[in-house]
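Topology and contacts: notes
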Amino acid sequence: MSEDPPLSILGVAGSLRQGSFNRALLRAAVDLAPDGVRIEIFDLAAVPLYNADLEAAGDPPGVAAFKQAIRAADGVLLATPEYNHGVPGVMKNAVDWASRPPRDAALGEKPVGVIGASPGMTGSARGQSQLRQAFEFTNSFCMPQPELLVFRAHEKFDDDGRLTDAATREHLARYLTAFAAWIRRFR
Ligand code: FNR
């Protein structure tokens, strides 16, 4: 058993589809989390497109729940796909909501990890890079290393979305240990 105080991590996938590799990667993270680390997955389906008029009338329920879940967590683990060499709108939209209000944002000074999966050869590298840029503005503590780029994702998960590739499982477990240590630096 770990002697460190327990940590809670909020996992967020930037894809809404049932068979998402990125969501499946987070499910694997739940299983592979080190002792004393609990990961809960937040579904972005109820987060509408950002609209300052909606915001001015009070955060919609899905947004309020998202912000609350971020605030309650010790760290946030974002699993992002890559669309057209960038961050998919679903993920960027969620980050945009959670970046507000700017001086009291849920993401402000929050430890953040970025991982991702793609069937292509780059494993969402460009999507991840672009997502990291947003955390400069939100003043989040985005872990620079290690990285986790799950390339050729269709070969690494079975038909039920289980991460079956041994090397990727090992890499993910090491990533989670590093992320837990990163979060503890800010406690
Ligand atoms: C893609 N995909 C993709 N993949 C990639 O590696 N680089 C890219 O630039 C793109 N661009 C892209 C654009 C659009 C509009 C779609 C729909 C898809 C493929 C993408 O990686 C693949 O659909 C993943 O399976 C998406 O992640 P989830 O949904 O499996 O988590």
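Keep in mind the model is a prediction, meaning the values are calculated, not measured. Every chain's residues receive numbers from 1 upward, in the order its sequence appears when written. With the structure being a predicted model, the display of local features is reserved for residues of pLDDT at least 70 and the display and counting of side-chain atom pairs for 80 or more, all residues being used for whole-chain, interface and lining totals. Hydrogens and water are ignored here; the side-chain numbers use all heavy atoms of the structure.

What follows concerns the nonpolar core. Nonpolar core, defined: a set of buried Ala, Val, Leu, Ile, Met, Phe, Trp, Tyr and Cys residues in which side-chain atoms within 4.5 Å join the residues together. Relative accessibility thresholds used throughout: buried, under 20% of the residue-type maximum; exposed, over 50%; partly exposed, between the two (1.4 Å probe, protein chains only). In terms of nonpolar packing, the biggest core is built from 29 residues, with Leu25, Leu77, Ile115, Leu172, Tyr175, Leu176 and Phe179 touching the most fellow members. Strands are runs of DSSP state E lasting at least two residues, helices are runs of H or I lasting at least four, and both sets are numbered from the N terminus onward. Among the secondary structure elements, those contributing two or more residues to this core are strand S1 (7-13), helix H1 (21-32), strand S2 (37-42), strand S3 (75-79), strand S4 (111-117) and helix H6 (166-185). With seven residues, H6 is the largest single contributor of residues to this core. Phe42, Ile70, Val95 and Val112 belong to the second-largest nonpolar core, a separate cluster that totals 26 residues.

Distances are taken per atom, and a residue is near a molecule or strand as soon as one of its heavy atoms is within 4 Å of it. Around the ligand sit Ser15, Arg17, Ser20, Phe21, Asn22, Pro81, Glu82, Tyr83, Asn84, His85, Ser118 and Pro119, and that is every residue in its neighbourhood. Counted as a polar contact is a pair of N or O atoms within 3.5 Å, where, for protein atoms, one must be capable of donating a hydrogen and the other of accepting one, and residues adjacent in sequence contribute only when both atoms are in side chains. Residue Glu82 places a side-chain N or O atom 2.8 Å away from a nitrogen atom belonging to the ligand. Within the complex, 70% of the 620 Å² of free accessible area of the ligand lies under protein. Considering only residue class, the shell around the ligand consists of four nonpolar, six polar and two charged. For the accessible areas, the method is Shrake-Rupley and the probe is 1.4 Å, while residue cover comes only from the protein chains on display. Only Asp, Glu, Lys and Arg are considered charged, only Ala, Val, Leu, Ile, Met, Phe, Trp, Tyr, Cys and Pro nonpolar, and every remaining residue, Gly among them, polar.

The next point concerns the side chain of Thr138. Tracing the backbone through its elements, the reader meets Thr138 in the loop between helix H5 (125-137) and strand S5 (141-142). With relative accessibility at 9%, the residue Thr138 sits in the buried group. A polar contact of 2.6 Å, which involves the side chain of Thr138, links it to the side chain of Ser140. Those residues in contact with Thr138 that sit more than four places away from it in its chain are Ser99, Leu107, Gly108 and Glu109. Note on definitions: a residue-residue contact is assigned when non-hydrogen atoms from the two residues lie within 4.5 Å.

A word on the packing of aromatic side chains. Classification of ring pairs rests on two measures: the distance between centres of Phe, Tyr or Trp rings, Trp counted by its six-membered ring, which must be within 6.5 Å, and the angle between planes, read as stacked under 30 degrees, edge-to-face over 60 and tilted in between. Applying the stated criterion to the full structure yields six aromatic pairs. With centroids separated by 5.6 Å and ring planes inclined at 35°, the aromatic side chains of Phe21 and Phe157 adopt a geometry described as tilted. Separated by 136 residues along the polypeptide, Phe21 in helix H1 and Phe157 in the loop between strand S6 (149-150) and H6 bring together distant segments of the chain. Consider the rings of Trp182 and Phe186, whose centres lie 5.1 Å apart with planes at 70°: the pair is edge-to-face. The exposure class assigned to Phe186 is partly exposed, which follows from its relative accessible area of 35%. Charge-over-ring placement is defined geometrically: NZ (Lys) or CZ (Arg) within 6 Å of the ring centre, and within 35 degrees of the ring normal. Taking NZ or CZ as reference, Lys156 lies 3.6 Å from the ring centre of Phe151, over its face.

Read these as layout, nothing more, since geometry by itself doesn't imply function.
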